[in-house]
Amino acid sequence: MINYDELRAKYQRLGIETPTFDMIKSEKDIEGIRKAGIVNNMVLDEVEKHIKAGMSTEEINTIVHNKTIELGGIPAPLNFEGYPKSVCTSINDAVCHGIPSKKDILKNGDIVNVDCTTIVDGYYADASRMFLIGECSEEAKRLVKTTKEALDLAVSNLKPYSRLRDIGYWIEKYVKSKGYSVVHEIGGHGVGNDFHEDPFIYHYGKKGTGMVLFPGMVFTIEPMVNQYGRGVFLDASNEWTVYTDDGGLSAQYEYTVLITEDGVEILAS
Ligand code: MF3
Ligand code: CO
Ligand code: CO
(Lines give C-alpha, C1' and ligand atoms only; values in the text may rest on other atoms or scores of the structure.)
(Ligands and ions follow the chains in the order given, each with its own letter.)
Protein backbone atom coordinates (compact mmCIF):
# COMPACT_ATOMS: atom_id res chain seq x y z
CA MET A 1 0.00 0.00 0.00
CA ILE A 2 1.27 3.43 -0.95
CA ASN A 3 1.67 5.94 1.85
CA TYR A 4 0.44 9.07 0.07
CA ASP A 5 1.16 11.36 3.03
CA GLU A 6 4.82 10.39 2.98
CA LEU A 7 4.96 10.72 -0.80
CA ARG A 8 3.39 14.16 -0.68
CA ALA A 9 5.80 15.32 1.99
CA LYS A 10 8.75 14.02 -0.02
CA TYR A 11 7.79 15.85 -3.21
CA GLN A 12 6.72 18.98 -1.37
CA ARG A 13 10.15 19.19 0.24
CA LEU A 14 11.53 19.23 -3.29
CA GLY A 15 9.15 22.06 -4.19
CA ILE A 16 7.16 19.86 -6.59
CA GLU A 17 3.39 20.20 -6.84
CA THR A 18 1.49 17.08 -5.75
CA PRO A 19 -2.01 15.86 -6.65
CA THR A 20 -4.83 16.80 -4.30
CA PHE A 21 -6.62 14.00 -2.43
CA ASP A 22 -9.60 13.93 -4.81
CA MET A 23 -7.25 13.20 -7.74
CA ILE A 24 -6.39 9.77 -6.29
CA LYS A 25 -9.06 7.16 -7.05
CA SER A 26 -9.97 4.34 -4.66
CA GLU A 27 -9.90 0.69 -5.80
CA LYS A 28 -13.69 0.82 -5.95
CA ASP A 29 -13.62 3.93 -8.14
CA ILE A 30 -11.05 2.35 -10.46
CA GLU A 31 -13.17 -0.78 -10.83
CA GLY A 32 -16.16 1.42 -11.73
CA ILE A 33 -14.24 3.52 -14.27
CA ARG A 34 -12.79 0.34 -15.79
CA LYS A 35 -16.34 -0.93 -16.41
CA ALA A 36 -17.38 2.39 -17.93
CA GLY A 37 -14.31 2.16 -20.16
CA ILE A 38 -15.27 -1.29 -21.42
CA VAL A 39 -18.75 -0.05 -22.34
CA ASN A 40 -17.32 3.09 -23.96
CA ASN A 41 -14.95 0.94 -26.06
CA MET A 42 -17.87 -1.25 -27.15
CA VAL A 43 -19.82 1.83 -28.22
CA LEU A 44 -16.89 3.08 -30.30
CA ASP A 45 -16.51 -0.43 -31.77
CA GLU A 46 -20.16 -0.26 -32.84
CA VAL A 47 -19.53 3.08 -34.57
CA GLU A 48 -16.46 1.60 -36.28
CA LYS A 49 -18.60 -1.26 -37.63
CA HIS A 50 -21.19 0.97 -39.27
CA ILE A 51 -19.58 4.31 -40.16
CA LYS A 52 -19.45 4.97 -43.90
CA ALA A 53 -19.90 7.55 -46.65
CA GLY A 54 -23.49 8.70 -47.09
CA MET A 55 -24.29 8.41 -43.39
CA SER A 56 -25.27 11.55 -41.47
CA THR A 57 -23.63 12.40 -38.16
CA GLU A 58 -27.15 12.22 -36.69
CA GLU A 59 -27.08 8.50 -37.53
CA ILE A 60 -23.79 8.16 -35.63
CA ASN A 61 -25.51 9.85 -32.71
CA THR A 62 -28.34 7.30 -32.89
CA ILE A 63 -25.88 4.38 -32.95
CA VAL A 64 -23.99 5.77 -29.94
CA HIS A 65 -27.12 6.61 -28.00
CA ASN A 66 -28.85 3.26 -28.54
CA LYS A 67 -25.75 1.11 -28.00
CA THR A 68 -24.87 2.95 -24.79
CA ILE A 69 -28.37 2.43 -23.37
CA GLU A 70 -28.43 -1.22 -24.52
CA LEU A 71 -25.19 -1.82 -22.57
CA GLY A 72 -26.58 -0.22 -19.41
CA GLY A 73 -24.78 3.10 -19.73
CA ILE A 74 -25.73 6.76 -20.11
CA PRO A 75 -24.20 8.96 -22.82
CA ALA A 76 -22.55 11.71 -20.77
CA PRO A 77 -22.64 14.48 -23.42
CA LEU A 78 -26.46 14.56 -23.63
CA ASN A 79 -27.62 17.66 -21.72
CA PHE A 80 -24.10 18.25 -20.36
CA GLU A 81 -24.01 22.04 -19.90
CA GLY A 82 -26.75 22.28 -22.51
CA TYR A 83 -25.05 20.07 -25.11
CA PRO A 84 -27.90 18.72 -27.28
CA LYS A 85 -26.59 15.30 -28.44
CA SER A 86 -25.08 12.03 -27.14
CA VAL A 87 -21.71 12.21 -28.90
CA CYS A 88 -19.36 14.67 -30.61
CA THR A 89 -18.64 14.22 -34.33
CA SER A 90 -15.96 16.50 -35.75
CA ILE A 91 -15.31 16.43 -39.50
CA ASN A 92 -12.17 17.68 -41.35
CA ASP A 93 -11.44 21.25 -40.11
CA ALA A 94 -13.64 20.75 -37.01
CA VAL A 95 -11.19 20.33 -34.13
CA CYS A 96 -13.66 19.06 -31.51
CA HIS A 97 -17.23 19.26 -30.19
CA GLY A 98 -18.94 18.90 -33.56
CA ILE A 99 -22.69 18.49 -32.99
CA PRO A 100 -24.36 15.62 -34.88
CA SER A 101 -26.88 16.75 -37.47
CA LYS A 102 -29.04 15.27 -40.23
CA LYS A 103 -27.51 17.88 -42.52
CA ASP A 104 -23.93 16.67 -42.08
CA ILE A 105 -23.43 13.74 -44.43
CA LEU A 106 -20.10 11.90 -44.39
CA LYS A 107 -18.51 11.86 -47.82
CA ASN A 108 -15.66 10.05 -49.45
CA GLY A 109 -12.30 11.47 -48.28
CA ASP A 110 -13.56 12.95 -44.99
CA ILE A 111 -11.77 12.38 -41.71
CA VAL A 112 -14.05 12.35 -38.69
CA ASN A 113 -13.48 12.17 -34.95
CA VAL A 114 -16.12 10.42 -32.85
CA ASP A 115 -15.82 11.29 -29.16
CA CYS A 116 -17.82 9.17 -26.70
CA THR A 117 -18.15 9.51 -22.96
CA THR A 118 -20.12 6.88 -21.04
CA ILE A 119 -21.47 6.85 -17.51
CA VAL A 120 -21.90 3.41 -15.89
CA ASP A 121 -23.04 3.22 -12.26
CA GLY A 122 -22.04 6.85 -11.84
CA TYR A 123 -18.51 6.41 -13.24
CA TYR A 124 -17.23 8.14 -16.41
CA ALA A 125 -14.91 7.03 -19.20
CA ASP A 126 -14.02 9.25 -22.16
CA ALA A 127 -12.34 8.32 -25.46
CA SER A 128 -12.34 9.21 -29.13
CA ARG A 129 -11.17 7.72 -32.40
CA MET A 130 -10.62 8.95 -35.95
CA PHE A 131 -12.33 7.37 -38.92
CA LEU A 132 -11.22 7.65 -42.54
CA ILE A 133 -14.23 7.72 -44.86
CA GLY A 134 -13.59 5.88 -48.11
CA GLU A 135 -10.49 6.96 -50.00
CA CYS A 136 -8.62 9.71 -48.13
CA SER A 137 -5.65 11.77 -49.28
CA GLU A 138 -2.17 10.65 -48.26
CA GLU A 139 -1.92 13.91 -46.28
CA ALA A 140 -5.12 13.21 -44.34
CA LYS A 141 -3.93 9.67 -43.58
CA ARG A 142 -0.55 10.95 -42.41
CA LEU A 143 -2.18 13.53 -40.11
CA VAL A 144 -4.43 10.91 -38.52
CA LYS A 145 -1.55 8.45 -38.13
CA THR A 146 0.71 11.10 -36.59
CA THR A 147 -1.96 12.06 -34.06
CA LYS A 148 -2.39 8.47 -32.87
CA GLU A 149 1.39 8.00 -32.75
CA ALA A 150 1.81 11.17 -30.67
CA LEU A 151 -0.74 9.94 -28.12
CA ASP A 152 0.76 6.44 -28.03
CA LEU A 153 4.23 7.90 -27.59
CA ALA A 154 3.08 9.98 -24.61
CA VAL A 155 1.43 6.92 -23.04
CA SER A 156 4.48 4.72 -23.60
CA ASN A 157 6.72 7.31 -21.91
CA LEU A 158 4.32 7.82 -19.01
CA LYS A 159 5.24 6.27 -15.66
CA PRO A 160 4.19 6.74 -12.07
CA TYR A 161 5.98 9.83 -10.74
CA SER A 162 6.35 11.31 -14.23
CA ARG A 163 5.73 15.07 -14.34
CA LEU A 164 2.48 16.31 -15.82
CA ARG A 165 4.04 18.62 -18.41
CA ASP A 166 6.17 15.78 -19.81
CA ILE A 167 3.01 14.46 -21.52
CA GLY A 168 2.65 17.58 -23.61
CA TYR A 169 6.37 17.87 -24.17
CA TRP A 170 6.46 14.45 -25.85
CA ILE A 171 3.30 15.09 -27.85
CA GLU A 172 4.21 18.50 -29.22
CA LYS A 173 7.80 17.53 -29.97
CA TYR A 174 6.65 14.57 -32.05
CA VAL A 175 3.87 16.48 -33.81
CA LYS A 176 6.20 19.35 -34.74
CA SER A 177 8.78 16.89 -36.07
CA LYS A 178 6.14 15.83 -38.60
CA GLY A 179 5.38 19.44 -39.58
CA TYR A 180 2.03 19.67 -37.79
CA SER A 181 0.83 21.74 -34.83
CA VAL A 182 -0.85 21.03 -31.49
CA VAL A 183 -3.92 22.95 -30.30
CA HIS A 184 -3.13 24.64 -26.97
CA GLU A 185 -6.51 25.98 -25.88
CA ILE A 186 -8.19 22.63 -25.18
CA GLY A 187 -6.68 19.89 -23.04
CA GLY A 188 -7.25 16.59 -21.35
CA HIS A 189 -8.67 16.34 -17.86
CA GLY A 190 -9.11 14.22 -14.79
CA VAL A 191 -12.12 11.93 -15.26
CA GLY A 192 -13.98 9.18 -13.42
CA ASN A 193 -16.28 10.49 -10.73
CA ASP A 194 -17.27 13.36 -13.00
CA PHE A 195 -16.93 14.28 -16.70
CA HIS A 196 -14.20 16.90 -16.30
CA GLU A 197 -12.06 16.91 -13.17
CA ASP A 198 -8.70 18.42 -12.28
CA PRO A 199 -5.94 18.37 -13.34
CA PHE A 200 -5.92 20.04 -16.77
CA ILE A 201 -3.72 17.92 -19.07
CA TYR A 202 -1.65 20.09 -21.41
CA HIS A 203 -0.67 18.74 -24.81
CA TYR A 204 2.41 20.99 -24.88
CA GLY A 205 4.92 22.02 -22.27
CA LYS A 206 8.32 21.88 -20.72
CA LYS A 207 9.83 18.55 -19.73
CA GLY A 208 10.37 18.00 -16.00
CA THR A 209 7.76 20.55 -14.91
CA GLY A 210 4.25 20.42 -13.51
CA MET A 211 2.62 18.19 -10.94
CA VAL A 212 4.09 14.78 -10.12
CA LEU A 213 1.72 12.00 -11.23
CA PHE A 214 0.83 9.51 -8.49
CA PRO A 215 -0.56 5.98 -8.90
CA GLY A 216 -4.35 6.08 -8.71
CA MET A 217 -4.72 9.15 -10.93
CA VAL A 218 -7.15 8.78 -13.85
CA PHE A 219 -7.21 11.32 -16.65
CA THR A 220 -7.62 11.73 -20.38
CA ILE A 221 -4.96 12.55 -22.92
CA GLU A 222 -6.60 13.88 -26.08
CA PRO A 223 -4.29 15.80 -28.39
CA MET A 224 -5.82 17.80 -31.21
CA VAL A 225 -3.36 18.04 -34.10
CA ASN A 226 -3.72 20.55 -36.93
CA GLN A 227 -2.42 20.20 -40.47
CA TYR A 228 -1.21 23.84 -40.57
CA GLY A 229 -1.33 26.41 -37.75
CA ARG A 230 -2.51 25.69 -34.21
CA GLY A 231 -5.02 28.58 -34.21
CA VAL A 232 -8.68 27.76 -33.59
CA PHE A 233 -12.00 29.56 -33.23
CA LEU A 234 -15.32 28.76 -31.63
CA ASP A 235 -18.41 28.50 -33.83
CA ALA A 236 -20.49 31.48 -32.71
CA SER A 237 -23.71 29.91 -33.98
CA ASN A 238 -23.66 26.96 -31.55
CA GLU A 239 -21.00 27.98 -28.97
CA TRP A 240 -19.60 24.41 -29.01
CA THR A 241 -17.78 23.46 -32.16
CA VAL A 242 -14.14 24.46 -32.50
CA TYR A 243 -12.57 24.85 -35.98
CA THR A 244 -9.07 25.45 -37.30
CA ASP A 245 -8.78 29.15 -38.14
CA ASP A 246 -6.92 28.50 -41.40
CA GLY A 247 -9.26 25.81 -42.70
CA GLY A 248 -6.64 23.05 -42.39
CA LEU A 249 -7.58 19.55 -41.29
CA SER A 250 -7.52 18.56 -37.61
CA ALA A 251 -7.30 15.13 -36.01
CA GLN A 252 -7.72 13.88 -32.43
CA TYR A 253 -7.49 10.67 -30.46
CA GLU A 254 -8.42 10.39 -26.79
CA TYR A 255 -7.69 7.76 -24.14
CA THR A 256 -8.69 7.54 -20.51
CA VAL A 257 -5.61 6.32 -18.62
CA LEU A 258 -4.86 5.14 -15.09
CA ILE A 259 -1.46 5.62 -13.48
CA THR A 260 -0.65 2.33 -11.74
CA GLU A 261 2.16 1.48 -9.32
CA ASP A 262 4.30 0.15 -12.14
CA GLY A 263 3.03 1.80 -15.31
CA VAL A 264 -0.09 2.91 -17.13
CA GLU A 265 -3.37 1.14 -17.85
CA ILE A 266 -5.50 2.39 -20.74
CA LEU A 267 -9.08 2.27 -19.44
CA ALA A 268 -10.79 3.58 -22.58
CA SER A 269 -9.52 4.08 -26.10
N1 MF3 B 1 -15.72 14.36 -24.72
C2 MF3 B 1 -15.21 15.71 -24.70
C3 MF3 B 1 -13.89 15.64 -23.97
O4 MF3 B 1 -13.07 14.90 -24.39
C5 MF3 B 1 -16.13 16.67 -24.03
C6 MF3 B 1 -17.36 16.89 -24.78
S7 MF3 B 1 -18.38 17.91 -23.91
C8 MF3 B 1 -19.78 17.81 -24.81
O9 MF3 B 1 -13.63 16.20 -22.97
F10 MF3 B 1 -20.70 18.39 -24.11
F11 MF3 B 1 -19.55 18.43 -25.97
F12 MF3 B 1 -20.08 16.56 -25.03
CO1 CO C 1 -12.07 14.30 -22.66
CO1 CO D 1 -13.90 13.06 -25.08
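What you see is a predicted model, and the numbers here were worked out from it, not measured in a lab. (Residues numbered from 1 in each chain as written. Chains lettered and ligands numbered in written order. Predicted model: local features only at pLDDT ≥ 70, side-chain atom pairs only at ≥ 80, totals over all residues. Heavy atoms only, no water.)

1. Focus on the sheet that holds strand β10 (residues 224-226)
Pairing within the open sheet is antiparallel, and its three strands lie in the order β6-β10-β13. Bordering the open sheet on either side are β6 (181-182) and β13 (250-252), each of which pairs with just one other strand. Across two bridges, β6 lies against β10 in antiparallel orientation. Bridge pairing in β10 places Val-182 opposite Val-225. (Pairing = 2+ DSSP bridges. Helix = DSSP H or I, 4+ residues; strand = E, 2+ residues; numbered from the N terminus.)

2. Some thoughts on the site of ligand 1
Every one of the 14 residues lining ligand 1 counts as a neighbour, but Asp-126, His-189, His-196, Glu-222 and Glu-254 are closest to it. In this structure, Asp-126 approaches ligand 1 through a side-chain N or O atom, which is 3.1 Å from an oxygen atom. Glu-254 is positioned with one of its side-chain polar atoms (N or O) 3.0 Å from an oxygen atom of ligand 1. Surface burial for ligand 1 is 97%, taken as the share of its 340 Å² of free accessible area covered by protein chains. Among the residues forming the shell around ligand 1, the class breakdown is six nonpolar, four polar and four charged. (Near = heavy atom within 4 Å. Polar contact = N/O pair within 3.5 Å; in protein donor to acceptor, adjacent residues only side chain to side chain. Areas by Shrake-Rupley, 256 points an atom, 1.4 Å probe, with all protein chains shown as cover. Nonpolar A, V, L, I, M, F, W, Y, C, P; charged D, E, K, R; others polar.)

3. Let's talk about the sheet that holds strand β3 (residues 94-96)
Pairing is antiparallel across the open sheet formed by three strands, whose spatial order is β3-β12-β11. Whereas interior strands pair on both sides, the edge strands pair on one side only; in this sheet they are β3 and β11 (232-234). Going across the sheet, the axis of each strand differs from the next one's by a mean of 40 degrees, ignoring polarity. In this sheet, strand β12 (residues 242-244) lies alongside β3 in antiparallel orientation, the contact comprising two bridges. Paired with Cys-96 across the bridge in β12 is Val-242. (Axes fitted to C-alpha atoms, helices over the stretch in contact; angles between N-to-C directions.)

4. Focus: the coordination of the cobalt ion (ligand 3)
By definition of the ideal shapes, a tetrahedral metal site with four donors has angles of 109.5 degrees and an octahedral site with six donors has angles of 90 or 180 degrees. For the cobalt ion (ligand 3), the full set of protein donor atoms is Asp-115 (OD), Asp-115 (OD), Asp-126 (OD) and Glu-254 (OE), and the range of their distances to it is 2.0 to 2.4 Å. One way to put it: the six donor atoms around the cobalt ion (ligand 3) meet at angles of 57 to 168 degrees, and that makes the site irregular. Sequence spacing of the donor residues for the cobalt ion (ligand 3), all on one chain, is D-x10-D-x127-E. According to the relative accessible area criterion, Asp-115 is buried, its value standing at 10%. (Donors = N, O, S within 2.8 Å, 3.2 Å for Na, K, Ca; no water. Tetrahedral: all angles 85-135°; square planar, octahedral: opposite > 155°, others 65-115°. Buried < 20%, exposed > 50% of the residue type's maximum accessible area, 1.4 Å probe, protein only.)

5. With respect to the coordination of the cobalt ion (ligand 2)
Protein coordination of the cobalt ion (ligand 2) is provided by Asp-126 (OD), His-189 (NE2), Glu-222 (OE) and Glu-254 (OE), with donor distances spanning 2.0 to 2.2 Å. Considering all six donor atoms around the cobalt ion (ligand 2), the spread of angles at the metal, 51 to 160 degrees, places the coordination shape in the irregular class. Counting gaps between the donor residues of the cobalt ion (ligand 2) yields the pattern D-x62-H-x32-E-x31-E. Here the cobalt ion (ligand 2) and the cobalt ion (ligand 3) are spaced 3.3 Å apart, with Asp-126 acting as a shared donor. Here Asp-126, found in strand β5 (residues 123-132), pairs with His-189, found in strand β7 (residues 188-190); they are 63 residues apart in sequence, far enough to count as distant.

6. Concerning unusual backbone geometry
Residue Pro-199 follows Asp-198 across a cis peptide bond; omega there is 0 degrees. Mapped onto the elements, Pro-199 comes out in strand β8 (residues 197-201). Here the phi dihedral of His-97 falls at roughly 60 degrees; this positive angle occurs in a residue that is not glycine. Counting through the fold element by element, His-97 comes out in the loop between β3 and β4 (111-120). The phi torsion at Asp-121 lies on the positive side, around 50 degrees, for a residue other than glycine. Among the structural elements, Asp-121 can be located in the loop between β4 and β5. Overall, Asp-121 belongs to the exposed group, its relative accessible area being 67%.

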